[in-house]
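Per-entry structural report
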Amino acid sequence: MKPSIRIKTILRDDRGASAVEFALLAPIFLLMLVGVLQVGMAMQNYNALRGVSADVARYAMVQYQTGNTVSNSQLETWAENQALGAPYMLDQNRINATVTTPGTQRVTGATELQVVMSYQLDNVLGFAGIEFPFVTYTRPIFLLDE
């Protein structure tokens, strides 16, 4: 067999082309799949922070209306403890709650508090050099003065 005939035979042979195409595209598709998983986890954690902040607002209002004085640090501790249990099940080492009283109150006849909840996400895309550090949710609480 002449060398030119052998080269023509190799060039016409398409066995293994599917394997080469799969090897080129599989990492991209795998990264996209893991990215969708990461976004879903981030949305779940964001919704958990929203739920915890609503629970904090409810707790603060009930305590305020029954005449109990609850400090901002007590609300922070309550929020972090609430986030650990069901249905939220967040990791205690990655949750942070901050409750502050703004200097300027926006509503007359009410005390305004601001709750900032942040959570460091599980990073399943770290192997690709993509970071998803924190999810943060902020909400005001208005406690009506009577």
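The text that follows walks through the structure, step by step, so that each part is easy to find. (Residues numbered from 1 in each chain as written. Predicted model: local features only at pLDDT ≥ 70, side-chain atom pairs only at ≥ 80, totals over all residues. Heavy atoms only, no water.)

1. Re the packing of aromatic side chains
Applying the stated criterion to the full structure yields two aromatic pairs. Measuring from ring centre to ring centre gives 5.6 Å for Tyr46 and Tyr137, while their planes differ by 85°; the resulting arrangement is edge-to-face. With Tyr46 in helix H2 (residues 17-65) and Tyr137 in strand E3 (residues 134-144), the pair connects residues that are 91 residues apart, well separated along the chain. Ring plane angle 5° and centroid distance 4.3 Å describe the contact between Tyr59 and Trp78, whose orientation is recorded as stacked. Of this pair, Tyr59 sits in helix H2 while Trp78 is found in helix H3 (residues 72-84), placing the two residues 19 residues apart along the sequence. (Phe/Tyr/Trp six-rings, centres within 6.5 Å; stacked < 30°, edge-to-face > 60°. Helix = DSSP H or I, 4+ residues; strand = E, 2+ residues; numbered from the N terminus.)

2. What to know about the pairing of strand E2 (residues 110-120)
Of the strand pairs in this sheet, strand E1 (residues 95-100) and E2 are connected by six bridges, and their pairing is antiparallel. Bridging across to E2, Thr98 finds its partner in Val116. Examined bridge by bridge, E2 and E3 share eleven bridges and lie antiparallel to one another. Bridge pairing in E3 places Gln114 opposite Pro140. (Pairing = 2+ DSSP bridges.)

3. What about the side chain of Gln63?
With respect to the helices, strands and loops of the structure, Gln63 is situated in helix H2. Exposure remark for Gln63: the relative accessible area of 16% places this residue in the buried category. Gln63 has contacts with Asn68 and Val70, leaving out every residue within four places of it along the chain. (Buried < 20%, exposed > 50% of the residue type's maximum accessible area, 1.4 Å probe, protein only. Contact = heavy atoms within 4.5 Å.)

4. A few points about the sheet that holds E1
The antiparallel open sheet is built from three strands, whose spatial order is E1-E2-E3. Strands with a single pairing partner mark the edges of an open sheet, and in this sheet they are E1 and E3. This sheet shows a mean twist of 15° between the axes of neighbouring strands, independent of strand direction. Here H2 sits on the sheet and contacts E1, E2 and E3; the angle it forms with E3, its principal contact strand, is near 20°. Lying on the sheet, H3 is in contact with E1 and E2; it crosses E1 at an angle near 150°. (Axes fitted to C-alpha atoms, helices over the stretch in contact; angles between N-to-C directions.)

5. A word on H3
The end-to-end C-alpha distance of H3, which contains 13 residues, comes to 19 Å, matching closely the 18 Å that a straight helix rising 1.5 Å per residue would cover. Buried within H3 we find Leu75, Ala79 and Ala83. All buried residues of H3 project into a common sector of 70° when viewed along the axis, lining one side. (Expected span 1.5 Å × (residues − 1). Arc of directions from axis to C-beta.)

By themselves, these are just geometric observations and shouldn't be taken as functional.
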